[in-house]
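Here are the chains, one letter per residue:
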Amino acid sequence: MSDTPELPGVWVFMGVWAKQPAAVFTTLERGEAWVREHRLEGMLTWYPLDMGAYDWVVAQGRFRSKPEQPTPEFLAGFSSAYQPHHHYENSEPPRTED
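Cut-offs applied
Residues numbered from 1 in each chain as written. Predicted model: local features only at pLDDT ≥ 70, side-chain atom pairs only at ≥ 80, totals over all residues. Heavy atoms only, no water. Pairing = 2+ DSSP bridges. Helix = DSSP H or I, 4+ residues; strand = E, 2+ residues; numbered from the N terminus. Axes fitted to C-alpha atoms, helices over the stretch in contact; angles between N-to-C directions. Contact = heavy atoms within 4.5 Å. Buried < 20%, exposed > 50% of the residue type's maximum accessible area, 1.4 Å probe, protein only. Arc of directions from axis to C-beta. Phe/Tyr/Trp six-rings, centres within 6.5 Å; stacked < 30°, edge-to-face > 60°. pLDDT = per-residue confidence, 0-100.

(A) Molecular detail of the sheet that holds strand E1 (residues 9-15). Here 4 strands make up an open sheet; going across it, the order is E2-E1-E3-E4 and the pairing antiparallel. The two strands at the open ends of the sheet, each matched to only one other strand, are strand E2 (23-25) and strand E4 (85-88). For this sheet, the mean angle separating the axes of adjacent strands, direction not counted, is 25 degrees. Sheet topology places strand E3 (residues 42-48) next to E4; 4 bridges connect them, and they run antiparallel. Following the sheet pairing, Gly42 is matched in E4 by Tyr88. Relative to the sheet, helix H1 (residues 28-38) contacts E1, E2, E3 and E4, its axis offset from that of E4 by approximately 10 degrees.

Pasting the structure below:
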């Protein structure tokens, strides 16, 4: 089962030391296959189409803006742990202990 929200969106891969995305995928499964194929480390994060991450998180009721926000600098660098995301080490998601 995928944790992709109902809204249209994409999965963006950022390498561990990257300053910009390396790839964009329509499904988590395609992104994970690419990560494994190339044995990469980094993160796949879901982003909604046609809206910013900040706007999506606010619309989900997961973030309340403070009066000094949103500045252009804040919005340009905004990301949220509430966006579905997966971390990869040695091309595999970290294992969780039961």
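(B) Here's a closer look at the side chain of Thr45. Here Thr45 is to be found in strand E3. Sequence-distant contacts of Thr45, that is, excluding residues within four places in its chain, are made with Val10, Trp11, Val12, Gln83, Pro84 and His85.

(C) Structural view of H1. Among the residues of H1, those classed as buried are Leu28, Gly31, Glu32 and Val35. The buried residues of H1 all sit within an arc of 95 degrees when viewed along its axis, so they share a single face. Structural note: H1 exposes Arg30 and Glu37 on the side pointing more than 90 degrees away from its buried face. Of the surrounding secondary structure, the elements contacted by the buried residues of H1 are E1, E2, E3 and E4. Positive backbone phi, approximately 55 degrees, marks Arg39, located one or two places after H1.

(D) A look at the packing of aromatic side chains. Going through the model one piece at a time under the given rule, you end up with 6 aromatic pairs. Between Tyr54 and Phe74, the ring centres sit 6.0 Å apart and the planes meet at 85 degrees, which makes this aromatic pair edge-to-face. In this pair, Tyr54 sits in helix H2 (residues 53-59) while Phe74 sits in helix H3 (residues 72-76), placing the two residues 20 residues apart along the sequence. An aromatic cluster is built from Phe13, Phe25 and Trp34, whose rings are joined through pairwise contacts.

(E) Focus on the environment of His38. With respect to the helices, strands and loops of the structure, His38 is situated in helix H1. Note: C-alpha distance between His38 and Asn90 (52 residues apart in sequence) is 9.8 Å.

(F) Expanded view of the confidence of the model for the protein chain. Summarising the model, the protein chain shows a mean pLDDT of 85, and 87% of its residues fall at 70 or more. Element-level mean pLDDT values for the protein chain span from 86 in H3 up to 97 in E2.

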